[in-house]
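A structural walkthrough
Here is what each chain is made of, one letter per residue.
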Amino acid sequence: MELLVTGAAGFIGSEFVRQILEARPAWRLVLLDAMAYAGRFENLSGLDGGLETIAVEGHIPEGALEKAGGAVVRSRLGDLPAKLGDRRSGPGGTLPPLLVLGDITDASLVESLVSQADAVVHLAAETHVDRSLADPGPFVRANVQGTCTLLEAARRSPKLRRFLHVSTDEVYGDATGKGVLDEDSPLAPTNPYSVTKAAAEQMVFAYARAWNVPALVVRPTNNFGPRQFPEKFIPTVVTRALAGEQVPLYGDGRQVRDWLHVSDTAQALRLVLEKGSVGRAYNVAGRNPMENRDVALAVLRVLGLGEERIGYVPDRPGHDRAYAIDDSRIRAELGFENSRAFELQLAETIRWYRENRSWGNPA
């Protein structure tokens, strides 16, 4: 199996890569990442067997070489298929993942990579709601145009067997008054981020219908865990508290989110990739719905701090009050289960940030 993973240097992508390397060591992994602000070469450092990095002349995203550091092999686009072919015909056993520094909107680069892949796991995306409210343009470019670029290559591929698109529970919009939503519930996104993710999903299913692209979609709830970029909620709470600062909460802090550890998300992606039914969407929930205020208080308790460290700030525009999804399908059909209790995972996450205080700063 040759597997192409986009967004592999990100939070979820790098955890997925680690799990695949452990579970399927004979697979050939090709990783594509533009190394934008949330992509970190450190996320992929220390992989068993190492990592080979390639930069294709004329197709290198701005700043990617500087972030990658270390030894980067320069290549030409025309040489890339031969390079991938050499990996397939090389000696048996484990080969190190091949990281290609590139952008998912780069049609010729994407075509070269997708045409060689047996499966694509598409994680590359702009993901932060606050950023989408400040500037929707990059979200349209990455989430919609980037997904379309991959799909165009996928529909022309002679060998592609799986195209797994990673979405979000936010495509359902605010669940207030709607109850728990399953995969057949209508999509009703409410902010630029979730709108672009819903649009990308609809493109995926359109290509599946029109051109038989072997598509699957996963919709996870809010992720957390080590190495998450500090702008996200739980790392924001942890890093601000560790720095002796106030922990900011939007509005009254009563917004409800369901928390899913990144290792469980990666497990779900592996299950859907290997055993999911083509043409299906799969919700993935942590089954840990909590108000933001209660999550912040839980973090503060672990750190031995009190409620006085919370500072309430004006709510963001159009803030969804609650998300709630039913993930019975992936549990019943594919046997998905959470690996550990939320409290243990949260404590482990806090410990990691405490021991890695120099890791990243909000941008």
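The rules behind each value
Residues numbered from 1 in each chain as written. Predicted model: local features only at pLDDT ≥ 70, side-chain atom pairs only at ≥ 80, totals over all residues. Heavy atoms only, no water. Helix = DSSP H or I, 4+ residues; strand = E, 2+ residues; numbered from the N terminus. Contact = heavy atoms within 4.5 Å. Polar contact = N/O pair within 3.5 Å; in protein donor to acceptor, adjacent residues only side chain to side chain. Buried < 20%, exposed > 50% of the residue type's maximum accessible area, 1.4 Å probe, protein only. Pairing = 2+ DSSP bridges. Phe/Tyr/Trp six-rings, centres within 6.5 Å; stacked < 30°, edge-to-face > 60°. Lys NZ or Arg CZ within 6 Å of the ring centre and 35° of its normal. Axes fitted to C-alpha atoms, helices over the stretch in contact; angles between N-to-C directions. Salt bridge = Lys/Arg side-chain N within 4 Å of Asp/Glu carboxyl O. Parallel < 35°, antiparallel > 145°, perpendicular 65-115°, else oblique. Left-handed = near helix turned anticlockwise from the far one by under 90°. Nonpolar A, V, L, I, M, F, W, Y, C, P; charged D, E, K, R; others polar.

1. Some words on the environment of Arg 280
- Relative to the helices and strands, Arg 280 resides in the loop between α9 (262-275) and β12 (281-284).
- Those residues within four positions of Arg 280 in sequence are excluded, and the remaining contacts are Phe 205, Ala 215, Leu 216, Val 217, Arg 329 and Glu 333.
- Of the polar contacts made by the side chain of Arg 280, one reaches the side chain of Glu 333; its length is 2.3 Å.

2. Observations regarding the pairing of strand β6 (residues 119-122)
- The alternating pattern of β6 places Ala 119 and Val 121 and Val 120 and His 122 on opposite faces, both of which are buried.
- Bridge count between strand β1 (residues 2-6) and β6: 4 bridges; the pairing is parallel. The partner of Val 5 across the bridge, within β6, is Val 121.
- Relative to strand β7 (residues 162-166), β6 runs parallel, the two sharing 4 bridges. When the sheet's bridge partners are listed, Val 121 is paired in β7 with Leu 164.

3. Remarks on the packing of aromatic side chains
- Within this structure, the stated rule accounts for 7 aromatic pairs.
- Between Tyr 37 and Phe 229, the ring centres sit 5.2 Å apart and the planes meet at 80 degrees, which makes this aromatic pair edge-to-face. In this pair, Tyr 37 sits in the loop between β2 (28-33) and β3 (52-56) while Phe 229 sits in the loop between β9 (222-224) and α8 (233-242), placing the two residues 192 residues apart along the sequence.
- For Phe 229, a relative accessible area of 7% gives the class buried.
- Note on Phe 224 and Phe 342: the rings are 5.4 Å apart at their centroids and 65 degrees apart in plane angle, and the pair reads as edge-to-face. Here the residue Phe 224 occupies a position in strand β9, and Phe 342 occupies one in helix α12 (residues 342-355), the gap between them amounting to 118 residues.
- The exposure class of Phe 224 is buried, given its relative accessible area of 0%.
- Its guanidinium or amino end placed over the ring of Tyr 37, Arg 131 lies 3.6 Å from that ring's centre, counting from NZ or CZ.
- Lying across the ring of Trp 211, Arg 155 places its NZ or CZ 4.4 Å from the centre.

4. With respect to the sheet that holds strand β5 (residues 98-101)
- Ordered by their spatial adjacency, 9 strands build an open sheet running β4-β3-β5-β2-β1-β6-β7-β8-β12, and the pairing between neighbours is parallel. Both edges of this open sheet fall to β4 (73-75) and β12, since each of them pairs with a single strand only. On average, each strand axis in the sheet is tilted by 20 degrees relative to the strand beside it, whichever way the strands run.
- Pairing geometry for β2 and β5, over 4 bridges, is parallel. Across the sheet, Asp 33 pairs through a bridge with Leu 101, a residue of β5.
- On top of the sheet, helix α7 (residues 192-211) reaches β7, β8 (215-220) and β12; it is set at about 155 degrees to β8, its chief contact.

5. Some words on the pattern of salt bridges
- Within this structure, the stated rule accounts for 23 salt bridges.
- Between Arg 240 and Glu 245 there is a salt bridge, and its shortest N-O distance comes to 3.5 Å.
- We classify Glu 245 as partly exposed; its relative accessible area is 38%.
- Salt bridges sharing common partners tie together Glu 111, Glu 152, Arg 155 and Arg 156.

6. Quick word on the environment of Gly 13
- Along the chain, the position of Gly 13 falls in helix α1 (residues 11-23).
- Through-space distance from the C-alpha of Gly 13 to that of Leu 31 is 9.3 Å; in sequence the pair is 18 residues apart.
- With residues near it in sequence (within four places) discarded, Gly 13 still touches Gly 7, Ala 8 and Leu 123.

7. Section: the sheet that holds β9
- Read from one edge to the other, the open sheet built from 3 strands follows the order β9-β11-β13, with strand pairing classed as mixed. Each end of this open sheet is capped by a strand with a single partner; those strands are β9 and β13 (289-291). The sheet shows a mean angle of 50 degrees between the axes of neighbouring strands, direction not considered.
- Relative to strand β11 (residues 256-261), β9 runs parallel, the two being bridged by 3 bridges.

8. With respect to helix α10 (residues 292-302)
- Taken as a whole, α10 has its buried residues at Asn 292, Val 295, Ala 296, Leu 297, Ala 298, Val 299 and Leu 300.
- Looking one or two residues beyond α10, the residue adopting positive phi is Gly 304, at roughly 75 degrees.

9. Quick look at the packing of helix α4 (residues 107-114) against helix α6 (residues 137-156)
- Contact pair α4 / α6: the axes reach a minimum separation of 9 Å and the direction vectors enclose 40 degrees. As far as their axial angle goes, α6 and α4 are oblique. Every pair of crossing elements has a handedness; the one defined by α4 and α6 is right-handed. On α6, the residues touching Ala 107, Val 110, Glu 111 and Val 114 of α4 are Thr 149, Leu 150, Ala 153, Ala 154 and Arg 156.
- Partitioned by chemical class, the residues of the contact of α4 with α6 number 6 nonpolar, 1 polar and 2 charged.

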